[in-house]
Each structure stands twice: as C-alpha cells, then as structure tokens.
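Residue-level structure breakdown
So the chains spell out like this:
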Amino acid sequence: MGVHPVRGRCPHLCPPSRGSCRGQHALQPRCHTAAPRAPGTRRHHHAAAAEQAPVLRRRYRGHEDTRADHDRRRDRAVSLLEAVSVTRTFAGIAALHDVSLEVGEAEVVGLIGPNGAGKTTLFNCIYGELRPSRGVVRFRGRNIGSLPPERRARLGLGRTFQRIELFPGMTVREHLLVAERSRNGRGGLLRDLLNKGLPTPDERVRADRVLGLLGIGDQADRPIESTSLGHSRLVELGRALMMEPRLLLLDEPSSGLDSNERTMLGDVFRSACNESGTSILLVEHDVEMVSRVTSRLYVLDSGSVIAFGDTSEVLADPLVRRAYIGDVLA
Ligand SMILES: Nc1ncnc2c1ncn2[C@@H]1O[C@H](COP(=O)(O)OP(=O)(O)OP(=O)(O)O)[C@@H](O)[C@H]1O
Ligand SMILES: [Mg+2]
C-alpha cells in the first residue's frame with residue numbers, strides 16, 4: 001500500500017496553509033525542517049517563547065500571574081500529545097514505521113487499522129510500556145520518552161487496555177475507589193493496617209458519579225467477577241476517568257458491548273470531552289462509533305500512517321475503504 005495524501009493537518013505539526021507543506025501532503029520527510037522558521041513549527045514555538053520570556057518573568061515578579069496560569073498558557077501553545085516519527089521494531093521487523101500523530105486539547109481523535117497494524121504498539125510507546133526504537137513522544141510540550149508509565153499518568157495520561165485487567169474479589173465501586181485513592185494520594189498500606197483506609201463520603205460520591213455517567217450505578221456493589229464483559233470494560237473506563245486524565249488512550253473500549261451500551265459509551269466520550277475537556281485517542285473497530293464520536297482520524301496499515309484528516313473525509317477515501325473499511329462496509 002503506497003502512501004496516500006489526505007487533506008488535513010500535517011502530521012508533522014505544521015498548520016494548514018503555512019510553511020512549505022500546506023497541510024495537504026503525503027507523509028514526507030519532515031516539512032518543518034525544510035522551513036525552519038515557518039510559523040507554527042516547533043522552532044517557531046521556541047523562537048516565540050524566547051521572545052515572550054522577559055514579559056513572563058516580569059509578570060511573575062509582580063505576582064500578576066500564577067504558575068498554574070503559566071502552565072495553562074504553555075499547554076495551549078502546543079499540542080496535548082505529539083508523536084513524531086515513532087518507529088518500533090521487534091527482532092528487526094518494524095511494527096511501527098515513522099508514525100507521526102497529534103492530539104489537541106478537548107478533541108476525540110480516532111486511530112483505526114486492520115489487525116496487526118500497530119495500534120496497540122503505538123499506545124504502548126505513548127504510555128511508556130515500550131520505548132520507541134526511534135522518534136519522540138511529547139505530552140503537554142514535554143518529551144516524556146524517559147518517564148515510566150506512572151509518571152506519565154501523573155502528568156495526566158490515562159489508558160485502558162485491549163485485554164482488561166481487573167481484581168477478582170473487589171466490587172465494581174471498589175475498583176473506582178482504588179483509582180480515586182491513587183489520584184488523591186491518600187492510599188497506602190499503613191492507612192489500611194490502621195484501618196483508616198475506609199472511603200470517605202466524598203470519595204464515594206465521586207465514584208458513584210462516574211458509575212452513574214457510565215450507566216452502571218446499579219452494579220456498584222457487585223463483585224467484578226459476576227459482571228458481564230461489557231460492564232467490566234465500562235468499569236475499566238470508569239477507573240481511568242477517576243484519574244481525571246487530560247488525555248485518555250482507549251484500546252477497543254466497545255468490544256464485548258451490545259449496541260445500546262455502545263451508543264451510551266459514545267455519549268460518555270462526548271460528554272467527557274465537552275464537559276471535562278478530556279481528550280481521547282480512540283482505537284476502535286466499530287466504524288459507526290468512530291464516525292459518530294471522532295472529529296479527526298488516523299489510519300494505520302502495516303505500521304505506517306496511510307491517511308489522516310477529518311473523519312468523514314478519511315472514511316470516504318477509496319484507498320482507506322479498500323485497505324480497511326471496504327470489507328466492513330461493502
Ligand atoms: N512484544 C512483541 N513482540 C513481538 N512482536 C510484537 C510485539 N507486540 C506487537 N508485536 C507485533 O507488532 C505488530 C503490531 O501489533 P499490534 O498489537 O500493535 O497491532 P494492533 O493494530 O493493535 O492489532 P489488533 O487490532 O489485532 O489489536 C504485530 O505484527 C505484532 O505481532
Ligand atoms: Mg491492538
């Protein structure tokens with residue numbers, strides 16, 4: 001399969017109609033290296049930041065600005081997540097080849113591709129379970145390549161797994177309470193030994209709110225092993241939502257759900273994005289859900305991005321349909 005250009009944002013992070021790429025080209029060697037000071041490129045960000053630095057310092061000294069304000073401004077200036085030219089090989093065979101992808105603030109972005117295309121491998125590289133053989137992963141403007149998964153989680157990266165991992169013997173609500181303890185830092189063996197580990201009313205309210213959002217409030221006291229696969233998936237999603245992530249990586253969250261549950265899940269994604277500002281990178285085989293909830297879409301095939309852009313345009317593209325969707329929609 002050759003490279004196919006789809007009109008849309010440049011995967012190398014140049015904005016449309018700027019610099020040398022106009023956001024419409026196929027996956028070429030990095031366009032922003034060819035136009036080093038083009039507005040919107042990383043070098044441009046650095047240059048602009050350098051120009052603004054004295055102003056920021058002055059405002060800090062005058063206590064007109066807080067560190068949180070500064071962080072928020074910095075986050076707006078760069079993408080939430082940038083994977084740049086990520087390559088990952090296993091025994092010399094490339095599972096990912098030169099993959100670039102971007103997720104902005106409060107957007108739901110899809111990532112589709114046939115089995116073995118490299119979707120989960122890319123998630124593992126972003127979350128830190130795997131190190132890319134080449135390439136860079138930035139989150140909130142920071143190169144996170146050397147951070148272990150738990151540090152990435154603390155920065156606001158959350159994920160669910162294709163193969164769910166839950167704890168038999170614990171109830172549905174307890175799964176969420178564990179996540180809540182991890183978020184608020186009140187967990188710990190000593191507290192449990194002193195029998196001070198009981199959930200506070202606030203913690204229960206937060207857990208129940210998320211269970212309500214997921215439509216499984218009535219399952220709260222059930223042991224996890226007695227719930228359906230679909231509900232277990234929702235519990236895992238709930239656990240990730242309890243951490244209040246800035247970006248959620250969801251690996252086939254709808255598998256095992258019936259059509260009502262899928263519809264509800266799509267609504268949960270939209271409300272997490274619109275109401276809490278949580279961005280989502282969604283790996284999903286359910287094309288109907290992808291077209292309903294994502295605004296932009298990347299297509300992976302054999303470890304390479306073969307198309308990207310607005311979801312409706314990408315899904316309508318004949319090459320994409322032939323590579324992946326054709327057999328589903330034909
Ligand atoms: N730990 C590993 N060791 C060796 N090869 C691996 C490893 N992990 C993934 N691969 C290979 O990398 C390729 C991409 O696998 P990956 O699981 O990322 O695909 P995927 O797009 O998530 O597929 P699916 O839709 O089936 O979940 C496959 O050929 C797979 O066999
Ligand atoms: Mg996978």
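Keep in mind that this is a model prediction, so the values were computed, not measured. (Residues numbered from 1 in each chain as written. Chains lettered and ligands numbered in written order. Predicted model: local features only at pLDDT ≥ 70, side-chain atom pairs only at ≥ 80, totals over all residues. Heavy atoms only, no water.)

1. With respect to the site of ligand 1
Within the structure, ligand 1 sits among 13 residues, and Gly 116, Lys 119, Thr 120, Thr 121 and Gln 162 are positioned closest to it. Between Ala 117 and ligand 1, the recorded distance is 3.1 Å, taken from a backbone N or O atom to an oxygen atom. One of the side-chain nitrogen or oxygen atoms of His 285 is found 3.3 Å away from an oxygen atom of ligand 1. Contact with the protein chains removes 57% of the 640 Å² of surface that ligand 1 exposes when unbound. Of the residues forming the shell around ligand 1, the biggest block, 3 residues, is contributed by helix α4 (residues 119–127). Its residues assigned to classes, the shell around ligand 1 comprises 4 nonpolar, 7 polar and 2 charged. (Near = heavy atom within 4 Å. Polar contact = N/O pair within 3.5 Å; in protein donor to acceptor, adjacent residues only side chain to side chain. Areas by Shrake-Rupley, 256 points an atom, 1.4 Å probe, with all protein chains shown as cover. Helix = DSSP H or I, 4+ residues; strand = E, 2+ residues; numbered from the N terminus. Nonpolar A, V, L, I, M, F, W, Y, C, P; charged D, E, K, R; others polar.)

2. Notes on the environment of Arg 206
Structurally, the position occupied by Arg 206 is in helix α8 (residues 201–213). Of the residues examined, Arg 206 reaches a relative accessible area of 14% and is grouped as buried. Note: C-alpha distance between Arg 206 and Leu 176 (30 residues apart in sequence) is 8.9 Å. Here the side chain of Arg 206 touches Glu 244 through a polar contact of 2.8 Å, side chain to side chain. (Buried < 20%, exposed > 50% of the residue type's maximum accessible area, 1.4 Å probe, protein only.)

3. Section: the packing of α8 against helix α9 (residues 229–242)
Any two packed helices are characterised by how steeply their axes cross, that is the angle between the axes, and by the distance between the axes. Packing of α8 against α9 leaves a shortest axis separation of 10 Å and a crossing angle of 130°. By the angle between their directions, the pair α8 and α9 is classed as oblique. The two elements α8 and α9 cross, and the hand of that crossing is right-handed. Note on element contacts: α9 touches α8 through Gly 238, Leu 241 and Met 242, opposite Arg 206, Ala 207, Val 210 and Leu 213. (Axes fitted to C-alpha atoms, helices over the stretch in contact; angles between N-to-C directions. Parallel < 35°, antiparallel > 145°, perpendicular 65-115°, else oblique. Left-handed = near helix turned anticlockwise from the far one by under 90°. Contact = heavy atoms within 4.5 Å.)

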